[in-house]
Amino acid sequence: ANIWQGQFPKVNTAEDGYTWTSPVDAYPPQNKFGLKGMIGNVWEWVDDWWTTQHSTEPLVNPRGPPTGTEKTKKGGSFLCHKSFCYRYRSSARHQNTPDSGTSNNGFRCARSIEA
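All of these numbers come straight from a predicted model, not from anything done at the bench. (Residues numbered from 1 in each chain as written. Predicted model: local features only at pLDDT ≥ 70, side-chain atom pairs only at ≥ 80, totals over all residues. Heavy atoms only, no water.)

Draft legend 1. Structural view of the overall build of the protein. The helix and strand tally for the protein stands at zero helices and six strands. Put simply, the protein runs from its N terminus to its C terminus through helices and strands in the order β-β-β-β-β-β. Each of the three principal axes of the protein carries a C-alpha extent, and together these read 40 × 35 × 25 Å. Scored against the burial criterion, the 115 residues of the protein give a buried share of 27%. (Helix = DSSP H or I, 4+ residues; strand = E, 2+ residues; numbered from the N terminus. Buried < 20%, exposed > 50% of the residue type's maximum accessible area, 1.4 Å probe, protein only.)

Draft legend 2. The sheet that holds strand S4 (residues 71–74), seen in detail. With mixed pairing, the four strands of this open sheet are ordered in space as S5-S4-S3-S6. Edge strands, defined here as strands with exactly one partner in the open sheet, are strand S5 (93–96) and strand S6 (105–106). Two strands pair when backbone bridges link them, and strand S3 (residues 43–49) and S6 are joined in this way by two bridges, in the parallel orientation. Note on S6: the bridge partner recorded for Trp-43 is Asn-105. (Pairing = 2+ DSSP bridges.)

Below, the structure is given as structure tokens:
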């Protein structure tokens, strides 16, 4: 995963080969579906509004609240480091306002496939 290596925030040693963002295919698939770049690199905006209230019941494709002030993003970024933002995993969640624009936020284009 493309994450910060070295002394955060002063020196990124780029041991993973990248100082900033990396191409989505820079690393091998990270799961049985062949998906790449699911952790690190950039936080991925998702459609859900941010909430800290979650069901304890098992859900399929859970949705966030219908409205809100901040959107959910997931997966961590190249700015994540164990001393600052220890969230580089696909289940990691964080929030930002929809009008935020930074070099460590992005989105994923995806489509459904026939089973």
